[in-house]
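A closer look at the structure
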Amino acid sequence: MTTTSTPASEARTVIGKEPDGAGPNRRPLGNRVRHWLTAFVFTVPALVLFLLLVLLPILYALYVSLFDWGGFGSPEDFVGLDNFGKLLDDPVFLGDLWRGALLVLLSVGVQLPFALAMAVLLNQKLRGRAIYRMLFFAPYVLSEVITGVLFGMIFAPGDGLADKVLGAIGLDGLGGDWFAGQDTVMPTLFLVMTWKYFGFHMMLYLAGLQGIPAELGEAARIDGAGPWQRFRHITLPLLGPTIRMSVFLSVIGAIQLFDLVWVVTQGGPDHHSETMAVTLFQFGFKRYQVGYASAISIAMFLVSLVFALAYQRFVLRRDTEGAITTMRGAR
């Protein structure tokens, strides 16, 4: 009895045949060594910088936070976790947490939707839209110091530009203390923040919108979908990764806000515009309580870290799946 081999079986035999001593994913030793050496050369400089500029400062701040230290000489007065206990009893720091949460809610609930609306508008075929994009993005290019000085003059009580304009149109009652009032300082500060940063998020959304194929909207329009339906069922889902990253950047920025607040109000009046970063600066560089300031810095780091890990785990997970590459596999 004779057997015949078909082309398919011969192909399977040839494809499945492996060289002696070689597995399906094995490569010559020289190639693997060269691979690891290349990875080492490119990775070590980044790891060294991360160690020197990130990890060691964090560890040193954690070490200093265990001392009652004024910043001169070596830390000697060990107090353990007393500085962290003081944080929980400090009304200024607890107020910092509340004000930080307020800025986060306002940024996510007001600033980002406004930026998204402007991005959708400027993504349309409008005359002069390039000029509008430039004008809206221009405030982000200005430094926080320039922005703070500018709006400090605009909202100066009495003779600032804001009060003069309101008085000229008969709305004197709407003028006020602005940055000088305890009830008005946070809304005014958020108005300045929105003017400064919304253009950055608008450009992020514009980039995401321009990556959405126009054919999808045309097909939905032919099927009878209205503008709101197209925005809700096509634009928003496809813009999801950009929106999630924008929210992440906005929250982290609100938690670490310092420059703008310090230039405009220095945390006043009576701590009503202080953030954690401003309180840290006050204790570390004004009152020379470096141990307590280090405890504040560790608290800021933990708040940011917990948010970042939770956000990546529960929100950015589907955006980052498959983004991690390995060195294994055929080349």
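In this report, we go over the structure that sits alongside the text. Within each chain, residue numbers correspond to sequence positions counted from 1 in written order. Local features are withheld for residues below a pLDDT of 70 in this predicted model, meaning they are given only at 70 or higher, and side-chain atom pairs are given and counted only at 80 or more; totals for whole chains, interfaces and linings count all residues. Calculation of side-chain values draws on the structure's entire complement of heavy atoms; hydrogens and water are dropped beforehand.

Digging into unusual backbone geometry
We count it as follows: Secondary structure elements follow DSSP: runs of H or I no shorter than four residues count as helices, runs of E no shorter than two count as strands, and numbering proceeds from the N terminus.
Note the cis peptide between Gly268 and Pro269, where omega equals -5°. Here Pro269 shows up in the loop between helix H11 (259-264) and helix H12 (276-286). Backbone geometry at Trp178 places phi at a positive 55°, although glycine is not the residue there. Tracing the backbone through its elements, the reader meets Trp178 in the loop between helix H7 (161-168) and helix H8 (185-210). Positioned with a positive phi, His271 is a non-glycine residue whose angle comes to about 70°. Examined against the element boundaries, His271 turns out to sit in the loop between H11 and H12.

Quick word on the nonpolar core
Stated formally: Only buried residues count toward a nonpolar core. Its members are Ala, Val, Leu, Ile, Met, Phe, Trp, Tyr and Cys residues joined through side-chain atoms within 4.5 Å. Under the scheme applied here, a residue whose accessible area is under 20% of the maximum for its type counts as buried, over 50% as exposed, and between as partly exposed, the area being computed with a 1.4 Å probe on protein chains only. Residue contacts follow a heavy-atom distance rule, with two residues in contact if any of their heavy atoms lie within 4.5 Å.
The biggest cluster of nonpolar side chains holds 51 residues, and the ones touching the most others in it are Leu87, Phe155, Phe179, Met202 and Leu257. Mapped by element, the contributors of at least two residues to this core are helix H4 (91-122), H7, H8, helix H10 (227-255), H11, H12 and helix H13 (290-314). At 11 residues, H8 tops the list of elements feeding residues into this core. Residues within four places of Leu257 in sequence aside, it is in contact with Leu103, Met193, Tyr197, Thr275 and Ala277.

Let's talk about the layout of surface pockets
Heads up, the condition is: Both site types are read off a 1 Å grid over the protein atoms alone. A 1.4 Å probe that fits but cannot get out defines a cavity, while an open set with protein on both sides within 12 Å along at least five of seven lines defines a pocket; lining residues have an atom within 4 Å of a point. Grid points are joined across faces, edges and corners, and a volume is the space filled by probe spheres set on the points. Put simply, Ala, Val, Leu, Ile, Met, Phe, Trp, Tyr, Cys and Pro go in the nonpolar bin, Asp, Glu, Lys and Arg in the charged bin, and everything else, Gly too, in the polar bin.
Of the pockets and cavities examined, the largest pocket occupies roughly 670 Å³. Along its surface, the largest pocket is lined by 21 residues, and Asn123, Gln124, Gly217, Arg221 and Thr235 are the ones closest to its centre. Mapped by element, the contributors of at least two residues to the lining of the largest pocket are helix H5 (129-141), H8, helix H9 (214-222) and H10. No other element matches H10, which puts 6 residues into the lining of the largest pocket. Class assignment for the residues of the lining of the largest pocket results in 10 nonpolar, 5 polar and 6 charged. The volume enclosed by the second largest pocket comes to roughly 340 Å³. Lining the second largest pocket we find 17 residues, and of these Tyr197, Leu249, Ser250, Gly253 and Ala254 sit closest to its centre. Among the secondary structure elements, those contributing two or more residues to the lining of the second largest pocket are H4, H8 and H10.

Quick look at the packing of H9 against H10
Spelled out, the test is: For helices, the fitted line uses only the C-alpha atoms of the stretch in contact; every axis is such a line through C-alpha atoms, and the angle between N-to-C directions lies from 0 to 180 degrees. Note on terminology: angles under 35 degrees are roughly parallel, angles over 145 are roughly antiparallel, angles of 65 to 115 are roughly perpendicular, and the others are oblique. Take the far helix as the reference: if the near one is turned anticlockwise from it by less than a right angle, the crossing is left-handed, and if turned clockwise, right-handed.
Where H9 meets H10, the axes come as close as 10 Å, and the angle between the chain directions of the two elements is 165°. Compared by their axis directions, H9 and H10 come out roughly antiparallel. Between H9 and H10 lies a crossing of right-handed hand. On H10, the residues that touch Leu216, Gly217, Ala220 and Arg221 of H9 are Arg230, Ile234 and Leu238. Residue composition of the contact of H9 with H10, by class: 4 nonpolar, 1 polar and 2 charged.

Thoughts on the side chain of Ser294
With respect to the helices and strands, Ser294 occurs in helix H13. The exposure class of Ser294 is buried, given its relative accessible area of 9%. Beyond its immediate sequence surroundings of up to four residues, Ser294 is in contact with Ala61, Val64 and Ser65.

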